[in-house]
Number of protein chains: 2
Amino acid sequence: MPRPLILVSNDDGITAPGIRCLVEIVRQMGAEVVVVAPDSPQSGMGHAITIGHALRLTKNPVFGPDVEAYECSGTPADCVKIAKHYVLKDRTPDLVVSGINHGSNASVNVLYSGTMSAAIEAAIEGLPAVGFSLCEYGPQADFSHVAEWVTQVCRHALEDGVPAGTALNVNIPKNSAVPIAGLRLARQARAKWQEEFDRRLDPYQRPYYWLIGSFVNLDPGTDTDEWALAHNYVSVVPCQFDLTAAHGLAQLSTRWQLPLDEPAVETPLQPVPSGDYGPATQS
Amino acid sequence: MPRPLILVSNDDGITAPGIRCLVEIVRQMGAEVVVVAPDSPQSGMGHAITIGHALRLTKNPVFGPDVEAYECSGTPADCVKIAKHYVLKDRTPDLVVSGINHGSNASVNVLYSGTMSAAIEAAIEGLPAVGFSLCEYGPQADFSHVAEWVTQVCRHALEDGVPAGTALNVNIPKNSAVPIAGLRLARQARAKWQEEFDRRLDPYQRPYYWLIGSFVNLDPGTDTDEWALAHNYVSVVPCQFDLTAAHGLAQLSTRWQLPLDEPAVETPLQPVPSGDYGPATQS
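Since the structure is predicted, the reported quantities are computational estimates derived from the model, not experimental observations.

(A) Focus on the sheet that holds strand E1 (residues 5–9) of chain A. All names here are of chain A. The sheet built from 9 strands is open, its strands ordered E3-E4-E2-E1-E5-E6-E7-E11-E8 with mixed pairing. Here the strands that pair on one side only, and so sit at the sheet edges, are strand E3 (57–59) and strand E8 (183–185). The mean angle between the axes of side-by-side strands here comes to 25 degrees, regardless of whether they run parallel or antiparallel. Direction of pairing for E3 relative to strand E4 (residues 68–72): antiparallel, over a ladder of 3 bridges. When the sheet's bridge partners are listed, threonine 58 is paired in E4 with glutamate 71. Each of E1, strand E2 (32–38), strand E5 (95–102) and strand E6 (129–134) is contacted by helix H1 (residues 17–28), which is oriented at about 140 degrees to E5, the strand it contacts most.

(B) Here's a closer look at the relation of the copies chain A and chain B. Its rotation angle being 180 degrees, the transformation that places chain A on chain B also includes 0.0 Å of axial translation and leaves an RMSD of 0.0 Å. This pairing of chains is accounted for by a two-fold axis. Mapped onto chain B, 99% of the interface residues of chain A are again interface residues, and the two copies thus contact each other with one and the same surface.

(C) Layout of the confidence of the model for chain A. Residue and element names in this part refer to chain A. Summing up the model confidence of chain A, the mean pLDDT is 90 and the portion of residues at 70 or higher is 92%. Here residues 264–283 is modelled with pLDDT under 50, and outside its nearest four sequence neighbours on either side it reaches 55 contacts, counting other chains as well. ipTM for the predicted complex: 0.89, alongside a pTM of 0.91.

Cut-offs applied
- Residues numbered from 1 in each chain as written.
- Chains lettered and ligands numbered in written order.
- Predicted model: local features only at pLDDT ≥ 70, side-chain atom pairs only at ≥ 80, totals over all residues.
- Heavy atoms only, no water.
- Pairing = 2+ DSSP bridges.
- Helix = DSSP H or I, 4+ residues; strand = E, 2+ residues; numbered from the N terminus.
- Axes fitted to C-alpha atoms, helices over the stretch in contact; angles between N-to-C directions.
- Contact = heavy atoms within 4.5 Å.
- Least-squares fit on C-alpha atoms with pLDDT ≥ 70 in both.
- pLDDT = per-residue confidence, 0-100.

This is the structure in structure tokens:
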């Protein structure tokens, strides 16, 4: 393969150690690297996009002269949109990588994750995409063991491809005395946050509320991302952006007594004339 | 069924005509109604949650003395979390409804939708949930034809249930001379936004960028939500929050040559001991 073009984004912001680590790894692989990342932390932004106001985009040579890098005032999904349609335009990246997130995005966390929304946005655009996260939170997170695994995943993605209609959610165990056991394909564990709200009073006696909670794994499976991480594997989950639940269609047809078309045969994607709702309906 | 308890939220904010319409419909059904909705428009917020700062929550009797209503400074997903764990506490709603959104959330728009993130958050909590959207944008949207269809969906949800692990994405055609043809089960159409960025200069000659674009349906299927809406049906798509792509696991196993466990048998949900990553890793 000629020198690949790799687009990098994240959700912790362009100055986070995690994106610095990821940029360095893909540079070491010999890639041409373009970065478009948020100018401030965007953790927990999910798949938010900016439609109520305009975006700023500023060149920032934070990774040195060899890396074309921009900071953007928007969300991670915005960063990928403006990278694809404005910064790169006619240059198509061979791979889009996001992260490395400071903290796990395994199981249900994928839904809240700005890191993964950047990767999923790229997948919607038809680009191979991977979101990377390290299961250690905070600015002091230790990324010293990740290069081998990130490189392995990026090489697979570039040489063997990423399944159509998906972005990969890759989580890496925190550094410890136990060596990483390898890559492990997994499904998203069924889990949730057991939440509480901590009510406090401000100096003017008005209440405010902090979201706190603890993570509860509800899934005894050995084929989940949580199981893989607990056993020191790097978990690899292909995530689709078609949310349709086949079991849900079948159940609704029976219980709500609504007719159900035959499942569609897999047809090639092609533009179909459609009403133009205009950008204002992206809500 | 005794008087059902229905929790209502949305993403256009507590003063939007769409939520007023939805509250009125579920009141007419005889339900006890609790509202927790954003204090400002949150369109396009996707599944964002607030982790960097605290939330405000204020009682607001905007729907009259019979409806317990609160405005919250957070995202739609935050509203459902604080409703479940703080406002309602030991009262379990029989149904959670979100909307009615001003604008379509069909096809790929479900990913960007704050309306649907409120419903999906409720589904993660194990509650039956429906997000409603009207395919007409703007504050002047005409909701005069929706009551019959919203009532029908809510009755089905209360009496026949919503499939586990899903929230329903219900889109209603805009009012026209053509009568609504009925409810139609559908899958999420493969579609995308063809985006552009409109570059402008501010009075200080610094550039800024507006996201604009047009909707492109790439899906010729007759079993999609876009097809249903184009043929004047109310589309009903069950959306799952398990993003795992089965076809992706199979492809990765073959092409990346990684072993793949047998698909897990469906086991009942049960708490499994797990590392507590703490709320700070929700990113």
